[in-house]
Amino acid sequence: VISARHVTKFDISYLADYTERPLLKKVPLVSRVSPMINCPGCLNLTDSYLYFQPAEINNIQKERITKFALGSILRIYKRRYMLRQCALELVMEDGKSVLFVFEEIEECDEV
């Protein structure tokens, strides 16, 4: 059951445009955290969008992928999660925010 929570490979067929270039060498495993919900998955950063692909076991998120245009991100804050400096909070133009928690602190720093 636990292995189904991890996405080991990002499906590039979900990219918005075939000309996008991935900017990360390794796709980091993350959790998208909101109140009372911890949704595991992986991130992919391209020159146009930041993509979140939830794990197979996820039944909370209806979409197979969530994308955030880099131009719509106003601020990025490094946050603590469970006493570790391993999370990034993205604040969007519309006032919404998203918290991604990384398994490795080094991956958080790279993004």
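All residue numbers refer to position in the chain's written sequence, counted from 1. Given that the model is predicted, a residue must reach a pLDDT of at least 70 before its local features are reported, and side-chain atom pairs must reach 80 or more before they are shown or counted; all residues, however, enter totals for whole chains, interfaces and linings. Note that water and hydrogens are dropped before the side-chain values are worked out from all heavy atoms of the structure.

**Describing the pattern of salt bridges**
- Salt bridge, as applied in this entry: a Lys or Arg side-chain nitrogen positioned within 4 Å of an Asp or Glu carboxyl oxygen. The full count for this structure, using the stated rule, is four salt bridges.
- Across the pair D47 and R21 runs a salt bridge whose closest N-O atoms are separated by 3.7 Å. Taken together, the residues span a long stretch of sequence, with D47 in the loop between β2 (37–45) and β3 (49–54) and R21 in the segment before β1 (29–34) at a distance of 26 residues.
- Relative accessible area serves as the criterion here: at 35%, D47 is assigned to the partly exposed category. Counting from the N terminus, the helices are the DSSP runs of H or I reaching at least four residues and the strands are the DSSP runs of E reaching at least two. For the exposure calls, accessible area comes from a 1.4 Å probe over protein chains only, and a residue counts as buried if that area is under 20% of its type's maximum, exposed if over 50%, partly exposed in between.

**Section: the nonpolar core**
- With 16 residues, the main nonpolar core has L43, L50, F100 and F102 as its most contacted residues.
- Broken down by secondary-structure element, the contributors of at least two residues to this core are β2, β3, β6 (84–92) and β7 (97–102).
- The contact rule is simple, with two residues in contact once any of their heavy atoms fall within 4.5 Å. If sequence neighbours within four positions are ignored, F102 has contacts with P28, L29, V30, L43, R84, C86, L88, E107, C108 and V111.
- Buried Ala, Val, Leu, Ile, Met, Phe, Trp, Tyr and Cys residues that are joined via side-chain atoms within 4.5 Å together make up what is termed a nonpolar core. In this structure, F10, L29, Y51 and I65 belong to the second largest nonpolar core, which totals six residues.

**Side note on the sheet that holds strand β5 (residues 73–81)**
- Within the open sheet, the seven strands sit side by side as β4-β3-β2-β1-β7-β6-β5. Their pairing is antiparallel. Whereas interior strands pair on both sides, the edge strands pair on one side only; in this sheet they are β4 (66–69) and β5. Sheet twist, expressed as the average angle between the axes of neighbouring strands with direction ignored, equals 30°.
- Pairing between strands is defined by DSSP: at least two bridges between the two strands are required. Direction of pairing for β3 relative to β4: antiparallel, over a ladder of four bridges. In the strand pairing of β4, Y51 is matched with K67. Axis lines are fitted to C-alpha atoms, over the contacting stretch for helices. Their N-to-C directions set the angle, which ranges from 0 to 180 degrees.

**Side note on the packing of aromatic side chains**
- To pair, rings of Phe, Tyr and Trp, with the six-membered ring standing in for Trp, must have centres within 6.5 Å; the planes then decide the type, stacked if under 30 degrees apart, edge-to-face if over 60, and tilted in the middle. Within this structure, the stated rule accounts for four aromatic pairs.
- With centroids separated by 5.9 Å and ring planes inclined at 55°, the aromatic side chains of F10 and Y51 adopt a geometry described as tilted. In this pair, F10 is assigned in the segment before β1 and Y51 in strand β3, connecting sequence segments 41 residues apart. Y51 matches F10 in its accessibility class, with the two residues each being buried.
- Ring centres 6.1 Å apart and planes at 75° place the aromatic pair F68 and F100 in the edge-to-face group. Taken as a pair, F68 in strand β4 and F100 in strand β7 lie far apart in primary sequence, 32 residues in all.
- Here the basic side chain of K67 rests over the ring of Y49, its NZ or CZ set 4.9 Å away from the ring centre. A ring is scored as having a charge over it whenever the NZ atom of a lysine or the CZ atom of an arginine sits within 6 Å of its centre and within 35 degrees of its normal.

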